[in-house]
Amino acid sequence: MATESKYQVDGRSESDCFPEIDPGVQPQGNRIVVQLRKAKDTSQGGILLVTETKATEKWNEVIAKVVSVGPLAYKDVSTLQDWPEGPWAIPGDLVRTIKYGGDRWAVPHGNGEVVFIVLQDREVICKITDFEVARKMFPAFVE
């Protein structure tokens, strides 16, 4: 018996999920700044989500867009040469991050907030191939 997922594809556009907004910081050393996917205001069916639901989704998100990269990110710490395989992520890339890592803060935007994280370069778990793939990925919820 096939079970239906309790989650649905995020129907928002990339600009709705990742609005252009200045985080107000520039990463140093091997740090990178990523912007988390903005929490939805309404359900797939158009029902307004309560504040608690949006807050849970906002802080549990792991899908992000790279905003900026520090000068030592993706470099060998002993020689300061670029990694042979190159950077794992560059500004504009969609990535998946670790759930509890980094320094998080929120910046007001419209009726809500956009969350940013400063991470170490190695805390990017993977690069997401395109936005259509990212639309099908969901926040990491604690069961």
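As the structure is a computational prediction, the values presented were derived from the model and not from experiment. (Residues numbered from 1 in each chain as written. Predicted model: local features only at pLDDT ≥ 70, side-chain atom pairs only at ≥ 80, totals over all residues. Heavy atoms only, no water.)

Asks: Residues and numbers for the nonpolar core, please.
Replies: The biggest cluster of nonpolar side chains holds 14 residues, and the ones touching the most others in it are I32, V34, Y74 and V95. Of all elements in the fold, only β1 (31–36), β2 (63–69) and β5 (112–120) reach the threshold of two or more residues within this core. Residues in contact with V34, not counting those within four places in the same chain, are A64, K65, V66, V67, V95, T97, V115, F116, I117 and L119. Judged by nonpolar contacts, the second largest core, of 8 residues, contains F18, V62, F131 and A134. (Core = buried A, V, L, I, M, F, W, Y, C linked by side-chain atoms within 4.5 Å. Buried < 20%, exposed > 50% of the residue type's maximum accessible area, 1.4 Å probe, protein only. Helix = DSSP H or I, 4+ residues; strand = E, 2+ residues; numbered from the N terminus. Contact = heavy atoms within 4.5 Å.)

Asks: Help me get a handle on the pattern of salt bridges, residues and values and all.
Replies: Close approach of charged atoms allows side chains with opposite charge to pair. For the structure on display, the rule yields 5 salt bridges. Between R37 and E61 there is a salt bridge; the shortest N-O distance is 3.1 Å. In this pair, R37 is assigned in the loop between β1 and α2 (51–60) and E61 in the loop between α2 and β2, connecting sequence segments 24 residues apart. Between D93 and K127 there is a salt bridge whose closest N-O contact spans 3.4 Å. Taken together, the residues D93 in the loop between β2 and β3 (94–97) and K127 in strand β6 (residues 124–128) connect sequence positions 34 residues apart. (Salt bridge = Lys/Arg side-chain N within 4 Å of Asp/Glu carboxyl O.)

Asks: Report on the pairing of β3, specifying residues and quantitative values.
Replies: Direction of pairing for β2 relative to β3: antiparallel, over a ladder of 3 bridges. Among the inter-strand pairings, K65 is bridged to a residue of β3, identified as L94. (Pairing = 2+ DSSP bridges.)

Asks: Can you break down the side chain of K99 residue by residue, with the values?
Replies: Along the polypeptide, K99 turns up in the loop between β3 and β4 (103–109). One polar contact links K99 to Y100, side chain to side chain, over a distance of 3.3 Å. (Polar contact = N/O pair within 3.5 Å; in protein donor to acceptor, adjacent residues only side chain to side chain.)

Asks: Tell me about the packing of aromatic side chains, residues and numbers included.
Replies: Under the defined criterion, the tally for this structure stands at 4 aromatic pairs. Where Y74 meets W83, the ring centres are 5.2 Å apart and the plane angle is 85°; that geometry is what we call edge-to-face. Pairing W105 with F116 gives two aromatic rings, centres 5.8 Å apart and planes at 25°, and the pair type is stacked. Highlighted residues: W105 in strand β4 and F116 in strand β5, separated in sequence by 11 residues. (Phe/Tyr/Trp six-rings, centres within 6.5 Å; stacked < 30°, edge-to-face > 60°.)

Asks: Could you give me a rundown of unusual backbone geometry, with the residues and numbers involved?
Replies: Positive phi values are uncommon outside glycine, yet Y74 reaches one of about 60°. Residue classification places Y74 among the buried positions, given a relative accessible area of 3%. Its identity is not glycine, yet L80 carries a phi of approximately 60°, on the positive side. Residue position: L80 is located in the loop between β2 and β3. Looking at L80, the relative accessible area reads 47%, which means it is partly exposed.

Asks: Explain the environment of Q120 to me, and be specific about the residues and the numbers.
Replies: Mapped onto the secondary structure, Q120 falls in strand β5. With near-sequence residues (within four places) excluded, Q120 lies in contact with N30 and R31. Engagement of the side chain of Q120 in a polar contact is seen with the side chain of R122, the distance being 2.4 Å.

Asks: Tell me about the side chain of R37, residues and numbers included.
Replies: Residue R37 is classed as buried on the basis of its relative accessible area, which comes to 5%. Polar side-chain contacts of R37 include one of 3.1 Å to the side chain of E61. Reaching out from R37, the side chain makes a polar contact with the backbone oxygen of A134 at a distance of 3.0 Å.

Take it as geometry only, folks, not as evidence of what the structure does.
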